[in-house]
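# Understanding the architecture of this molecule
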Amino acid sequence: MLLRIPGVLTKEQVAYCRQILAAADWIDGRVTAGSGSAKVKKNTQLPEESAAAIELGDLILTALESNALFVSAALPSRVFPPLFNRYDVGDGFGAHVDNAIRQGLDAEARIRTDLSCTLFFSDPEEYDGGELSIDDTYGSHTVRLPAGDMVLYPSTSLHAVTPVRRGTRLASFFWLQSMVRDDGERTLLFDLDRSIQALSVDHPGHASVVPLTGVYHNLLRRWAEL
Ligand code: NI
């Protein structure tokens, strides 16, 4: 499932993050790339352990905890601390698949990457190029979202960031391990949840809401790993 999650951060939060990002020290982005993807990666990143990355990462994770669309779609079990990247003119990241396992700074912070997230800090009119291009069975999708919006996509996807031709593209990227590992099962749960929510709004008190909610939880019970 490829999903846009609008307004993860407010305009004020984006402006605050941009101030911190503007003053931060950036390093070569190949530090978090595997040996294969390092060959096609050209950008800069905040060091994982920097105060700026930790502060802004916490701000993002706090916002996501109360984002109903994100929680329903991702069913997060463990979220990797958000990282931050910057693509200036000429920077890009060729086609690659993200590493299956991510080891955080803390020895116990190891996750299986089920879903990849990119949260945009630059508005599309601030740069040319820099499209996140994600392949699925319907072909290639290009994503350039307003600042504060996020895209969620399966970490199994081949993806790339096309070269930036003008301006600067700032974003946060991170991965999560879902309680439901299988993308098909997770998507079914998401569709069911959204349908139950819509039914509850369109027909308040409808007799089918309770049994359908039961089906949702019984499927989640069957498929979830904690
Ligand atoms: Ni990637």
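Residues numbered from 1 in each chain as written. Predicted model: local features only at pLDDT ≥ 70, side-chain atom pairs only at ≥ 80, totals over all residues. Heavy atoms only, no water.

## Points about the coordination of the nickel ion
- Distances from the nickel ion to its protein donors, H96 (NE2), D98 (OD) and H159 (NE2), fall at 2.1 Å.
- The motif formed by the donor residues of the nickel ion, counted along the single chain, is H-x1-D-x60-H. Taken as a pair, H96 in strand β7 (residues 92–96) and H159 in strand β15 (residues 159–161) lie far apart in primary sequence, 63 residues in all. The residues H96 and H159 share a single accessibility class, namely buried. (Donors = N, O, S within 2.8 Å, 3.2 Å for Na, K, Ca; no water. Helix = DSSP H or I, 4+ residues; strand = E, 2+ residues; numbered from the N terminus. Buried < 20%, exposed > 50% of the residue type's maximum accessible area, 1.4 Å probe, protein only.)

## Quick look at the sheet that holds β15
- The five strands lie next to each other as β3-β7-β15-β12-β13, forming an open sheet whose pairing is antiparallel. Looking along the sheet, the strands with just one partner apiece sit at the ends: β3 (41–42) and β13 (139–143). (Pairing = 2+ DSSP bridges.)

## Quick notes on helix α6 (residues 209–223)
- Look at α6: 21 Å from first C-alpha to last across 15 residues, which is about the 21 Å you get at 1.5 Å a residue.
- Among the residues of α6, V209, Y216, L220 and W223 are the ones counted as buried. The buried residues of α6 occupy an angular sector of 75° when projected down its axis, which confines them to one face. Exposed and oriented more than 90 degrees from the buried face of α6 are V210, R221 and R222.
- If you follow the buried residues of α6, they end up packed against α5 (183–202). (Expected span 1.5 Å × (residues − 1). Arc of directions from axis to C-beta. Contact = heavy atoms within 4.5 Å.)

## As for the nonpolar core
- By size, the foremost hydrophobic cluster in this structure holds 34 residues, and its most contacted members are L9, F84, F121, M150 and L152.
- Breaking this core down by element, the ones donating at least two residues are β1 (3–5), α1 (11–23), α3 (51–65), α4 (68–74), β10 (115–120), β14 (150–154) and β17 (169–178).
- No other element matches the seven residues that α3 contributes to this core.
- Once residues lying within four places of it in the same chain are set aside, the contact partners of L152 are M1, L2, L3, I5, F70, A73, A74, L115, S116, C117 and L176.
- The next biggest cluster of nonpolar side chains, apart from the first, holds twelve residues, and it includes Y87, L132, I134 and V161. (Core = buried A, V, L, I, M, F, W, Y, C linked by side-chain atoms within 4.5 Å.)

## Here's the deal with the domain arrangement of the protein chain
- When the domains of the protein chain are assigned, the result is domain 1 (3–178) and domain 2 (183–223).
- The C-alpha-based centres of domain 1 and domain 2 are spaced at 30 Å.
- Across the boundary between the two partners, domain 1 contributes ten residues, which contact eight residues of domain 2.
- The contact between domain 1 and domain 2 buries some 650 Å² in all, and 63% of this surface belongs to carbon and sulfur atoms.
- Its largest share of buried area at the contact with domain 2, domain 1 owes to S72, A73 and L75, together 57% of the area lost on that side.
- Our enumeration of links across domain 1 and domain 2 arrives at zero salt bridges.
- Summed over the shared surface of domain 1 and domain 2, the number is two residue pairs in polar contact (both at pLDDT 80 or more).
- It is α4 that provides the largest number of residues to the side of domain 1 that touches domain 2, a total of four residues.
- Considering only residue class, the side of domain 1 that touches domain 2 consists of seven nonpolar, two polar and one charged. (Domains from an automatic or database assignment. Buried area = accessible area lost by both parts, 1.4 Å probe. Salt bridge = Lys/Arg side-chain N within 4 Å of Asp/Glu carboxyl O. Polar contact = N/O pair within 3.5 Å; in protein donor to acceptor, adjacent residues only side chain to side chain. Nonpolar A, V, L, I, M, F, W, Y, C, P; charged D, E, K, R; others polar.)

## Some thoughts on the pattern of salt bridges
- Tallying each qualifying case throughout the model produces nine salt bridges.
- The salt bridge partner of D149 is R4, with a shortest N-O separation of 2.6 Å. On the criterion of sequence distance, the pair formed by D149 in the loop between β13 and β14 and R4 in strand β1 is long-range, its members being 145 residues apart.
- Owing to a relative accessible area of 6%, D149 belongs among the buried residues under this scheme.

## Some remarks on the side chain of S155
- Note that S155 resides in the loop between β14 and β15.
- A polar side-chain atom of S155 sits 3.2 Å from the main-chain amide nitrogen of L115.
- Engagement of the side chain of S155 in a polar contact is seen with the side chain of S116, the distance being 2.9 Å.
- With near-sequence residues (within four places) excluded, S155 lies in contact with V97, D98, T113, D114, L115, S116 and W175.

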